[in-house]
Amino acid sequence: MIAAARTILGKDLRIELRTKESVPAMVLFSITVYVLFHFGLDRDSLDGALAAGVLWVTLLLAAVIGVSRLFAAERDQGGIDGLLLSPVDRTALFVAKAAALFVFLTVAEVVAVPAFGLLLLGPGLGGAFPELLAVLALGNLGVAAVGALVAALAAETRAHELIVPLLLLPLLVPVLIACAQATEPLMRQDAVAEDLGRWLGLLSLYDVVFVLLSVAVFDFLLED
Amino acid sequence: MAAIELERLERRYGERVALGGVSVRVEEGQTLAVLGGNGAGKTTLLRVLAGLLRPHGGTARVLGAALPDERWKLPAQVGYVGHEPLLYRELTGRENLRYHADLHGVPHARVDTVLAEVDIADRADEPVRDLSKGLVQRLAIARAILHDPALLLLDEPRANLDPAAAELVEPIIGRASGRTRVLVSHDVEGALAESDVSLGLRSGRPAPVDAELYR
Amino acid sequence: MHSKGLAPLAAATAVTITAALAMVFFYAPNDADQGFVQKIFYIHVPMAIVALCGFVAGGVFAIQHLRSGDSSWDLRSYVAIHLSIILGVGVLATGSIWARASWGHWWVWDEPVLVSFLIVFLLYCVYYPLRFSIEDPGRQARYSSVFAIAAGAFVPLNFTAVRMAESFTHPRVLSQTGGDLPGDMRLTFLVSLLGVALLFVTLWKLELTAKHASMQLKRLRNERLRNRARVAA
């Protein structure tokens, strides 16, 4: 199962490297949204709750792009038949797609988060960096699991560009809440984590529930 | 043990009958020709045999695997050449085949062999989107036989192939290959000439293979 | 099949709702802080509870559907979710009216139940476009069930998250349902809850029966068309 997942993941990463469609779009989108917020809020710098909110809303909206495109290569080649005709465990497929999304999110954040620090964040990112990384990691995991599930749900519907954001964003509200609340104290002048454990706990619970659930139902999305 | 045994196979699309009461028996090494007009259910039948669709009624055994419960056994033994080439357009032919080889546990050396067999080795390192339909079809065929399947499911396999290419792939997917084959083709006479068993379909149900079939 | 017990159920519903209405207007006292308007609570909260239970039930039926492959479970799931969405509109409307009457705003973010309900509602509204954009009926049912299960699991997670996030500056009447409600208010509330629950189940059964009948009709009609075609050919 792991070998198959790794093969599929490798294929997806290779295609992304070649087409460069998902990750650059996510980065560009994020930076554009920061600019929008600058004008929309009429602020030069943000801190605390406002900063955390702007960062996380932007990242989640960018994630929609990644999720929309997760099965794009399959759609391009005429459908997921290719995957179904391979002797591959459906769980391997889920793991591969969720891992691909996780990688895309992480790479996009490597640029998007520092960009936020440069453009909009008053206090600067240095303050509580390891904590921020922990929040990003657990948040990305949740987005990856739910994103892979939503991508598969919408993969073969007619209106998938509409369905993906409408389905994904409400489902990610708990992730948004936990990440924004956890990040808020990290974005103040004297950045010190507060209640971090509680929010990381919520994120972990969410991640566990949705990883298990997605693995359990993924079979039903691909069989016919 | 027969390679394919279908007994009153049924497949519905909501209330509509896509396949109704299809029964046929194909021995190992034989070729089954599936004939019929558009929408008759030929592709549906092929997809059921490939394990892509589950039967809604009747019984089906393909290569010893009972459908639908043992569908998981099929991908390793079935080679499918359908309407879509099932190749990733941004990857090269070689990369596509290596990807499939990895999934099937087949060594990469075999990829090179197969690429040579379909005479596409010189263009195997170009992205699939740059290749003509004929070359893509050859690649699709290569993909289908890469894992040396016991059963070939061929939906108009010679579409887009010029006569030279068709001759080239003959030993691979033709009768001489020795594999059990299910062939869907609009060339009725040609298909009948190279098959041992034939099945006519009309609106999903078995029908005699005669002039009426295509009305 | 579903119409068994429908008549007594409908009767029980009518009786309970009438009783509830009577109690709300004549039995339950006016709330000390919020006055007469607080009585919306007796319809708003039961609707919310029943709707949430409906969503979760939709998820449970969906699990049964995937496990058994029997499409009648999918129908049960669809109807439960569909009714809960309609109920949900009522929840949001009454919640808004209550907010306006009690605190002067048409919407308040301080009520975690109302807020998390809004999110759940937005999510479930996608059920229809998702369902009806899939053409293959078998796949449509399966994908809808997957959605129902994911969304059902989401409901408690979402409620927890929202509750953890909201600051509670306003008195939460819902905390009073835990047991702080004075006896007569609690009784009225429970009767209302029972009434709404019975109404939901009655409508659910009613809709299932109606859908069954229309499916039978369509099947018979198709049979007739096929027979006619066979005779003509």
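Residues numbered from 1 in each chain as written. Chains lettered and ligands numbered in written order. Predicted model: local features only at pLDDT ≥ 70, side-chain atom pairs only at ≥ 80, totals over all residues.

(A) The overall build of chain A, seen in detail. When you go through chain A residue by residue, the secondary structure sums to ten helices and zero strands. Start at the N end of chain A and walk to the C end: the helices and strands fall as α-α-α-α-α-α-α-α-α-α. Taken against the 2.2 N^0.38 rule, which gives 17 Å for 224 residues, the C-alpha radius of gyration of chain A at 18 Å falls within 12% of a compact globule. In terms of overall dimensions, chain A has C-alpha extents of about 55 × 35 × 30 Å along its principal axes. By residue count, 54% of the 224 residues in chain A fall in the buried class. Relative to all contacts within chain A whose residues are 6 or more apart in sequence, the contacts with residues 24 or more apart total 85%. (Helix = DSSP H or I, 4+ residues; strand = E, 2+ residues; numbered from the N terminus. Rg over C-alpha atoms; globule rule 2.2 N^0.38 Å. Buried ≥ 20, exposed ≤ 12 C-beta atoms within 10 Å, placed from the backbone. Contact = placed C-beta atoms within 7 Å.)

(B) Quick look at the environment of Q137 of chain B. All names here are of chain B. Considering the arrangement of structural elements, one finds Q137 in helix α4 (residues 133-145). When the 23 C-beta atoms within 10 Å are taken as the criterion, Q137 is described as buried. Along the sequence, Q137 and P208 sit 71 residues apart, while their C-alpha atoms lie 31 Å from each other. Here Q137 is in contact with P85, A159, N160 and L161, once residues within four sequence places are set aside.

(C) Representation of the interface of chain C and chain A. On the side of chain A, 24 residues touch chain C, which itself brings 24 residues to the contact. Counting residues per element, the ones that place at least two in the side of chain C that touches chain A are α4 (112-125), α5 (127-132) and α6 (137-165) of chain C. Looking at the side of chain C that touches chain A, its residues break down into 20 nonpolar, two polar and two charged. (Nonpolar A, V, L, I, M, F, W, Y, C, P; charged D, E, K, R; others polar.)

(D) Seen up close, the sheet that holds strand β9 (residues 197-202) of chain B. Residue and element names in this part refer to chain B. Pairing in this open sheet of six strands is mixed, and the strands run β6-β7-β8-β3-β9-β10 from one edge to the other. Both outer strands of the open sheet, β6 (78-81) and β10 (205-207), are each paired with one neighbouring strand and no more. Going from strand to strand, the sheet's axes swing by 25° on average, the running direction of each strand aside. Sheet topology places strand β3 (residues 31-36) next to strand β8 (residues 180-184); four bridges connect them, and they run parallel. Following the sheet pairing, A33 is matched in β8 by L183. Packing against the sheet, α4 makes contact with β6 and β7 (151-155), and its axis sits at approximately 165° to β6. (Pairing = 2+ DSSP bridges. Axes fitted to C-alpha atoms, helices over the stretch in contact; angles between N-to-C directions.)

(E) Here's a closer look at the nonpolar core. Residue and element names in this part refer to chain A. Grouped together as the largest cluster of nonpolar side chains are 218 residues, with contacts concentrated most on V150 and L153. The dominant element in this core, judged by the number of residues it contributes, is helix α7 (residues 129-155), at 16 residues. Once residues within four sequence positions are removed from consideration, V150 is found in contact with V67, V164, L167, L168 and L171. (Core = buried A, V, L, I, M, F, W, Y, C linked by C-beta atoms within 7 Å.)

(F) Spotlight on the pairing of β9 of chain B. Residue and element names in this part refer to chain B. In the sheet, β3 pairs with β9 via five bridges, with the strands oriented parallel. Looking at β9, one finds that V34 is bridged to L199. Alignment of β9 against β10, held across three bridges, turns out to be antiparallel. When the bridges of β10 are listed, L201 appears paired with P206. Where β9 folds back on β10, the antiparallel hairpin that results is connected by two residues, among which S203 adopts a positive phi of roughly 50°.

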